[in-house]
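As a plain string of letters, each chain reads:
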Amino acid sequence: MFKKLCKSITPLMLLAAVPAMAEEAVPYNCDFSPSCEVAPGVYGGMSSPVTSKFKLSLGGYVKLDYVHNSNAVGPISPGAPAGGFPIAGSKDESLFSAKQSRIWMKVGGPTFLGAKTNALIEMDFWGGSSASNEMANVRMRHAYGSLDWANTQVLFGQFWDIFGAAAADTIDFRLGGTTGNPANPRVPQIRLTQKLNLGSGNTLKFVLGAQNPVQDNAVAGDNSLSKTGAFGSAVNGAGQISFSSKALGVSPGYMGLGNSPLTVTLFGLVGNEKFTDNNEITSYGYGAYVFVPVLKSSDGKSRAMTLSLETQAYVAAGMDVQGATAMAVSGSKPNLNAAQGYGLYGQLKFYPTQNLGLTAGYGRRETLNWDKIKSMSAATAALNYGGSISTTAGNIERSNEQIYGNVTYDLNAAVRVAAEFQHFRTQYVSQLGQDNAVRLAVFYFF
């Protein structure tokens, strides 16, 4: 009788203990203002990293955007042209999107010949070129493994394109990709990074890699489904040489999530494409990037009263998918040429307080050989020079630029709110496309 009574009481005791156990296991985190009672839930260091075969950490953020465009730029918006920037008379538009939310998983594995082994996979929800915000698809952003020694790293998988070091700190996350910052693509690659410590806080870093030729991004063509109709493409060779120094201290970098020292970087890329009639072109680019902590952090960690300046300039040919040039090739077989262009970018980032950030910047992509192009008809110029034919206006793009400013405020360790204004301007031979965009965003980092 006693055994039966114990069997019936024990489950009830366990059920009664569950709420108390849960409260004890997940306490409120009170390192914020206002008080815990109005907290948006537990945040920040919620728990220790989970484990599988190796140590596994999870993270990411939820991001909701509201945007209003003075011209409709969506693919099915009334008055919006098919691709590119809008023309005068198109309608305005307003929308919400959460597709830029992300999640990542990081693995710390066993050592190899004294190196730590790591891997990371990151995803967002912009996959499949889905036009609908309600039916977002998972897209791979980063997926790489690495062997990390003290001053040497071997990385393989999908990571940032080696060409270009700057990323415009815009809330829209396009990073100024078509206006002086051709750093958008994440491409399959293998790269070697070697650091040399020069003493007194000075470091020299070399990056050398081979990566997928993204100028061949798939659109129906010859044998390879390439964008330009090329086949037998060679992988891109790319590299960076970067000098950094803590002589000026450090100040906030991208998104204000970390502080960076004075940095000067030279970068370059070269690739090759062959066509069915034995014609071939060489894609290439080279440029320089500078980051300056104008007002340094007081203790190397705080953002209060810091000011950062960064700028970049490059010249490129045949690199439209990266956004470095307006198109990949110009001319017609067998007289194809790599389309040429250059880009300029500059940005200031100021934190008057630890939680309040102010950013303003400018970027511009320009078509080379414009003096010759402008005196020709659109068809002749597109045939013979590195100008681009816009599907929007049937015209040649001379320049594409943006001016932007944004403000961010961190409510606590998890929640960030932001607002941004952007002015876009695209100059064609005979037409001008413009758009003003106002964006509001809220983030939840975890």
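For clarity, every value in this text was computed on a predicted model and none was experimentally measured. (Residues numbered from 1 in each chain as written. Predicted model: local features only at pLDDT ≥ 70, side-chain atom pairs only at ≥ 80, totals over all residues. Heavy atoms only, no water.)

1. Looking at the pairing of strand E11 (residues 280-295)
Bridge count for strand E10 (residues 259-274) against E11 is 12 bridges, and the pairing is antiparallel. Within E11, the residue paired with Lys274 across the bridge is Glu280. Sheet topology note: the E11/strand E12 (residues 306-317) ladder contains 11 bridges and is antiparallel. What sits directly across from Gly285, in E12, is Ala316. (Pairing = 2+ DSSP bridges. Helix = DSSP H or I, 4+ residues; strand = E, 2+ residues; numbered from the N terminus.)

2. Re the nonpolar core
In terms of nonpolar packing, the biggest core is built from 16 residues, with Phe163, Tyr314, Met319 and Ala324 touching the most fellow members. Residue assignment for this core shows that the elements contributing at least two residues are E10, E11 and E12. If we skip the residues at most four places from it in the chain, Ala324 touches Phe163, Pro182, Tyr314, Ala316, Met319 and Arg365. In this structure, Tyr61, Ile171, Met255 and Phe443 belong to the second largest nonpolar core, which totals eight residues. (Core = buried A, V, L, I, M, F, W, Y, C linked by side-chain atoms within 4.5 Å. Buried < 20%, exposed > 50% of the residue type's maximum accessible area, 1.4 Å probe, protein only. Contact = heavy atoms within 4.5 Å.)

3. Some words on the side chain of Ser308
Position of Ser308 relative to the elements: it lies in strand E12. For Ser308, the side chain forms a polar contact with the side chain of Ser251, separated by 2.6 Å. Side-chain polar atoms of Ser308 contact the backbone oxygen of Pro252, separated by 2.8 Å. When neighbours within four sequence positions are excluded, Ser308 is seen to be in contact with Ser251, Pro252, Phe291, Val292, Gln347, Leu348 and Lys349. (Polar contact = N/O pair within 3.5 Å; in protein donor to acceptor, adjacent residues only side chain to side chain.)

4. As for a nonpolar patch on the surface
A contiguous nonpolar surface patch, about 490 Å² in accessible area, is contributed by Leu64, Phe96, Tyr409, Leu411, Val417 and Val442. By secondary structure assignment, the location of Tyr409 is in strand E18 (residues 395-410). A residue is classified by how much of its surface remains accessible, and Tyr409, at 35% relative accessible area, is partly exposed. (Patch = residues over 30% accessible without salt bridge, like charges linked within 9 Å, V, L, I, M, F, W, Y side chains within 5 Å. Areas by Shrake-Rupley, 256 points an atom, 1.4 Å probe, with all protein chains shown as cover. Salt bridge = Lys/Arg side-chain N within 4 Å of Asp/Glu carboxyl O.)

5. Points about the pattern of salt bridges
This model, assessed by the stated rule, comprises 13 salt bridges. Put simply, Asp65 and Arg439 hold a salt bridge, and the shortest N to O gap is 3.6 Å. In this pair, Asp65 is assigned in strand E1 (residues 55-69) and Arg439 in strand E20 (residues 432-445), connecting sequence segments 374 residues apart. Accessibility assignment for this pair places Asp65 and Arg439 in one class, buried. With a shortest N-O distance of 3.6 Å, Glu366 and Arg398 are connected by a salt bridge. Of this pair, Glu366 sits in strand E16 (residues 356-367) while Arg398 sits in strand E18, and the two are 32 residues apart along the sequence. It is possible to trace a salt-bridge network through shared partners that takes in Arg364, Glu366, Arg398, Glu401 and Arg425.

By themselves, these are just geometric observations and shouldn't be taken as functional.
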